[in-house]
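Residue strings, one per chain:
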Amino acid sequence: MQIFEFFAPCPRGLEPILEQELLAQGAKKVKVTDGGVAFAGPWTVMYKANLYSRVASRILWKLVEKPYRTEDDIFRMARDTEWADIFAVENTIKVTVTAVRSPLRSLDFIALKVKDGVCDRFRLKCGNRPSVDTKEPDMRIHLYLSDKMATLYLDTSGEALFKRGYRVETGDAPVRENLAAGILSLSGWTPDQAFYDPMCGSGTFLIEAAMIARNIAPGIRRSFAFQQMRMFDNNFWQTVRAEAKAKETSSNNLISGSDVSSTVLIHAKANIAAAGLEGAIQLKQLNVLDAKPPVESGVWVCNPPYGARMDEKEHLASLYPQWATVLKQRFAGWNAYFLTADLDMPKYMRLKASKRTVLFNGPLECRLFEYKMIAGGNRDKPAKD
């Protein structure tokens, strides 16, 4: 059985969760790095990683890795790769270049060199060249440059894996689906516990929780780039999908959300309907200051507004202690988690965060603050960064 090498990028801070996901799908030689996880396995492991991973951003197939010094080295590397054995000339392509400490200056020029190499190889083999599509390409080619090494990857996912296929409406600054799923894992929430998002926005945390509770594979509703590759085994893929569908359950867990805005609740309802989860999630229009726990204990997760402008920050600073009062007076027995880019939040909450986890929402550095609300007061030890 042929073994291939892959790399799965993910939101920074979620690498250990991704490692466990990949191991569960049979990945070998798993190695955690900053921003992702490298692994190896047969082609079939890549199918399952795409289908089942809740936190990976993509699954990249490592084609070749070589030392380089000039742009011409990059061109030859791309030209000497047998692209026509991997996908058809009719498939459209897009080249993306990422560099860390590379001596080469222009990433756009390097991307052009990779494209030229790919097209030259196709002309040599087929007498024709693939077209470029920068918006919705069939094949995404990634070049990663370190100071001395160049690595060519082919994206087996296509659209990013956080695009599950259910987001039809978005509110302001929605949390990406894979980050939301990772935060659920970090919170320790399990489907036998109540889950509540009091500032649910377009419903991402709620939908990801319901998918976990019903054991729905995150990639079950979408297609992938590997389905257009020459090595694609449709019979095996249909078997993998059928196995995933057979594992789904229809149990109704206590997953609920609320928001003060009727507009964002309309967005949330549309997304929940698109995910086929209308019966799994309870929604209510409510100010967080009026929130009440549906049961005695559970997990509260939310992504409150960050406050980019000074007047917004001042308004939030006045709200934080009020949220803390709601938690202390009504949510004893609950664990509460706030994802925010406002690192001063605990100071204004006047509660001791029992844990602070560094996460990145896109390029934005955030903290996931944990508050364990114990009956009789919040008596947790101070957090360590």
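Fair warning: this is a prediction, and the values are worked out from it, not measured in the lab.

Asker: Residues and numbers for the sheet that holds strand β10 (residues 282-285), please.
Answerer: Read from one edge of the open sheet, seven strands run β10-β9-β8-β11-β12-β14-β13, paired in mixed fashion. Two strands lie at the open edges of the sheet, namely β10 and β13 (355-361), each paired on one side alone. Across this sheet, the average inter-strand angle for adjacent strands is 20°, counted without regard to direction. Across the sheet, helix α5 (residues 177-187) touches β8 (194-197), β11 (298-302), β12 (334-340), β13 and β14 (364-372), and the angle it forms with β13 is around 170°. Across the sheet, helix α6 (residues 204-213) is in contact with β8, β9 (255-259), β10 and β11; its angle to β9 comes to roughly 175°.

Asker: Hey, could you go over helix α2 (residues 43-52) for me, with residue numbers and the actual values?
Answerer: For α2, the tally of buried residues reaches eight of ten residues, placing the bulk of the element in the interior. Within the sequence span of α2, burial applies to Trp-43, Val-45, Met-46, Tyr-47, Ala-49, Asn-50, Leu-51 and Tyr-52. Residues of α2 that are buried in the fold lie against β1 (4-9), α1 (15-24), β3 (36-41), β4 (60-67) and α7 (234-247).

Asker: Residue-level account of the state of the cysteines, with values.
Answerer: Evaluated as defined, the whole model comprises zero disulfides. Here Cys-126 stays unpaired: no disulfide links it, and the sulfur of Cys-119, its closest cysteine neighbor, is 11 Å away. Judged by relative accessible area, Cys-126 falls into the partly exposed class, the value being 39%. Sulfur of Cys-302: no disulfide; nearest cysteine sulfur belongs to Cys-200 and is 11 Å away.

Asker: Break down the domain arrangement of the protein for me, citing the residues and quoting the values.
Answerer: Under the domain assignment, the protein is made up of domain 1 (4-155) and domain 2 (177-215 + 252-373). For domain 1 and domain 2, the distance between their C-alpha centroids amounts to 35 Å. Across the contact, nine residues belong to domain 1 and 13 residues belong to domain 2. Both faces combined, the contact of domain 1 with domain 2 buries some 890 Å², and carbon together with sulfur accounts for 62% of it. Summed over the shared surface of domain 1 and domain 2, the result is zero salt bridges. Across the domain 1-domain 2 interface, the total number found is two residue pairs in polar contact (both at pLDDT 80 or more). The residue makeup of the side of domain 1 that touches domain 2, split by class, is five nonpolar, two polar and two charged.

Asker: So what's going on with the sheet that holds β1? Which residues, and what values?
Answerer: Ordered by their spatial adjacency, seven strands build an open sheet running β2-β3-β1-β4-β7-β6-β5, and the pairing between neighbours is mixed. Bordering the open sheet on either side are β2 (28-33) and β5 (93-99), each of which pairs with just one other strand. Across the sheet, the axes of successive neighbouring strands diverge by a mean angle of 25°, strand direction being ignored. Here β2 runs beside β3; their pairing, made up of four bridges, is antiparallel. What sits directly across from Thr-33, in β3, is Gly-36. Its contacts with the sheet place α2 against β1, β3 and β4, and it is angled at close to 145° to β3.

Asker: Which residues make up the packing of aromatic side chains, and what values do they have?
Answerer: Under the definition given, this model contains 26 aromatic pairs. Pairing Tyr-47 with Phe-232 gives two aromatic rings, centres 6.0 Å apart and planes at 50°, and the pair type is tilted. Taken together, the residues Tyr-47 in helix α2 and Phe-232 in the loop between α6 and α7 connect sequence positions 185 residues apart. For the ring pair Trp-83 and Phe-87, a centre distance of 6.2 Å and an interplane angle of 55° mean the geometry is tilted. Like Phe-87, Trp-83 is buried. Chaining the aromatic ring pairs together yields one cluster made of Tyr-196, Trp-300, Tyr-320, Trp-323, Phe-331, Trp-334, Phe-338, Tyr-348 and Tyr-371. One Lys or Arg, Arg-12, reaches over the ring of Phe-360 and ends 4.0 Å from the middle of that ring. It is Lys-113 that lies over the ring of Phe-75; its NZ or CZ is 5.7 Å from the centre.

What counts as what
- Residues numbered from 1 in each chain as written.
- Predicted model: local features only at pLDDT ≥ 70, side-chain atom pairs only at ≥ 80, totals over all residues.
- Heavy atoms only, no water.
- Pairing = 2+ DSSP bridges.
- Helix = DSSP H or I, 4+ residues; strand = E, 2+ residues; numbered from the N terminus.
- Axes fitted to C-alpha atoms, helices over the stretch in contact; angles between N-to-C directions.
- Contact = heavy atoms within 4.5 Å.
- Buried < 20%, exposed > 50% of the residue type's maximum accessible area, 1.4 Å probe, protein only.
- Disulfide = S-S within 2.5 Å.
- Domains from an automatic or database assignment.
- Buried area = accessible area lost by both parts, 1.4 Å probe.
- Salt bridge = Lys/Arg side-chain N within 4 Å of Asp/Glu carboxyl O.
- Polar contact = N/O pair within 3.5 Å; in protein donor to acceptor, adjacent residues only side chain to side chain.
- Nonpolar A, V, L, I, M, F, W, Y, C, P; charged D, E, K, R; others polar.
- Phe/Tyr/Trp six-rings, centres within 6.5 Å; stacked < 30°, edge-to-face > 60°.
- Lys NZ or Arg CZ within 6 Å of the ring centre and 35° of its normal.

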